[in-house]
Amino acid sequence: MRVTGIDHLVLTVASVPAAVDFYTRVLGLEAFTFDGGRVALRLGNQKLNLRPADGRLTPEAAAPTVGSADLCLVVDAPLDDVVAHLARTGTEIELGPVARSGARGPMHSVYLRDPDGNLVELASYDGQAGSPPTDPADAEGERA
């Protein structure tokens, strides 16, 4: 057996509507409803499921906690455009732009917080935005 990717992650949120507003308005993700009323956000061929903090979901993490996630999302635009977009939406950048090492190699990132305090890194691979993933071993020794 070999793990080949990530299908979805689950974010525990204080308010599903506030999370949907942030991730759709600021980051351009698509919200949709599934499984009898659960809400998720589509990003490419993956999704973020939103789990209300006051709800029960079985099975679940041992200690689902609002604001405990660190996410790195790859963007398909130059970071200058991302910074300008964030300014237009009134979204504060906590750190960046800064150089980082990603799974595919060197990238530049900005960091911000979602309504629950989760750390959201928006990363652009220099000149390679939107390119398909490569073998991490080919990333010239760069590691996150």
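The text that follows walks through the structure, step by step, so that each part is easy to find. These figures come from a predicted structure and were not determined experimentally. (Residues numbered from 1 in each chain as written. Predicted model: local features only at pLDDT ≥ 70, side-chain atom pairs only at ≥ 80, totals over all residues. Heavy atoms only, no water.)

Quick word on the overall build of the protein chain
Secondary structure assignment for the protein chain yields 2 helices and 8 strands. Traced from its N-terminal end to its C-terminal end, the protein chain shows the element sequence β-α-β-β-β-β-α-β-β-β. Every one of the 144 residues in the protein chain was classed for burial, and the buried ones make up 35%. Look at the contacts in the protein chain between residues 6 or more apart in sequence, and 52% of them connect residues 24 or more apart. Roughly 8600 Å² of accessible area belongs to the protein chain as shown, and the carbon and sulfur atoms make up 52% of that amount. (Helix = DSSP H or I, 4+ residues; strand = E, 2+ residues; numbered from the N terminus. Buried < 20%, exposed > 50% of the residue type's maximum accessible area, 1.4 Å probe, protein only. Contact = heavy atoms within 4.5 Å. Areas by Shrake-Rupley, 256 points an atom, 1.4 Å probe, with all protein chains shown as cover.)

Considering helix H2 (residues 79-88)
Of the residues making up H2, those classed as buried are Leu 79, Val 82 and Leu 86. Within H2, the buried residues cover an arc of 50° as seen down the axis, which keeps them to one side. Exposed side of H2, more than 90 degrees from the buried face: Asp 80, Ala 87 and Arg 88 are the residues found there. Among the residues trailing H2, Gly 90 stands out with phi positive, at a value near 70°. (Arc of directions from axis to C-beta.)

A look at unusual backbone geometry
The peptide bond linking Thr 58 to Pro 59 adopts the cis configuration, its omega dihedral lying at -10°. Secondary-structure assignment places Pro 59 in the loop between strand S4 (46-52) and strand S5 (70-74). Geometrically, the link from Gly 96 to Pro 97 is a cis peptide bond, its omega value of 5° lying close to zero. Structurally, Pro 97 is set in strand S6 (residues 95-102).

Re the nonpolar core
Residues Leu 11, Tyr 23, Leu 48, Leu 50 and Leu 122 are the most contacted members of the largest nonpolar core, which totals 25 residues. For this core, the elements supplying multiple residues, two or more each, are strand S1 (8-13), helix H1 (16-26), strand S3 (38-43), S4, S5, H2, strand S7 (105-113) and strand S8 (119-124). At 6 residues, the largest contribution of residues to this core is made by H1. For Tyr 23, the residues in contact, after removing those within four places along its chain, are Leu 11, Gly 28, Leu 29, Leu 41, Leu 48, Leu 71, Asp 114 and Val 120. (Core = buried A, V, L, I, M, F, W, Y, C linked by side-chain atoms within 4.5 Å.)

What to know about the sheet that holds S3
Taken in spatial order, the 4 strands make up an open sheet running S1-S4-S3-S2, and their pairing is mixed. The open sheet has two edge strands, S1 and strand S2 (30-34), and neither has a second partner. Within the sheet, the average angular offset between the axes of one strand and its neighbour, ignoring direction, is 30°. By the bridge criterion, 6 bridges tie S1 to S4 in an arrangement that is parallel. Bridging across to S4, Leu 11 finds its partner in Leu 50. (Pairing = 2+ DSSP bridges. Axes fitted to C-alpha atoms, helices over the stretch in contact; angles between N-to-C directions.)

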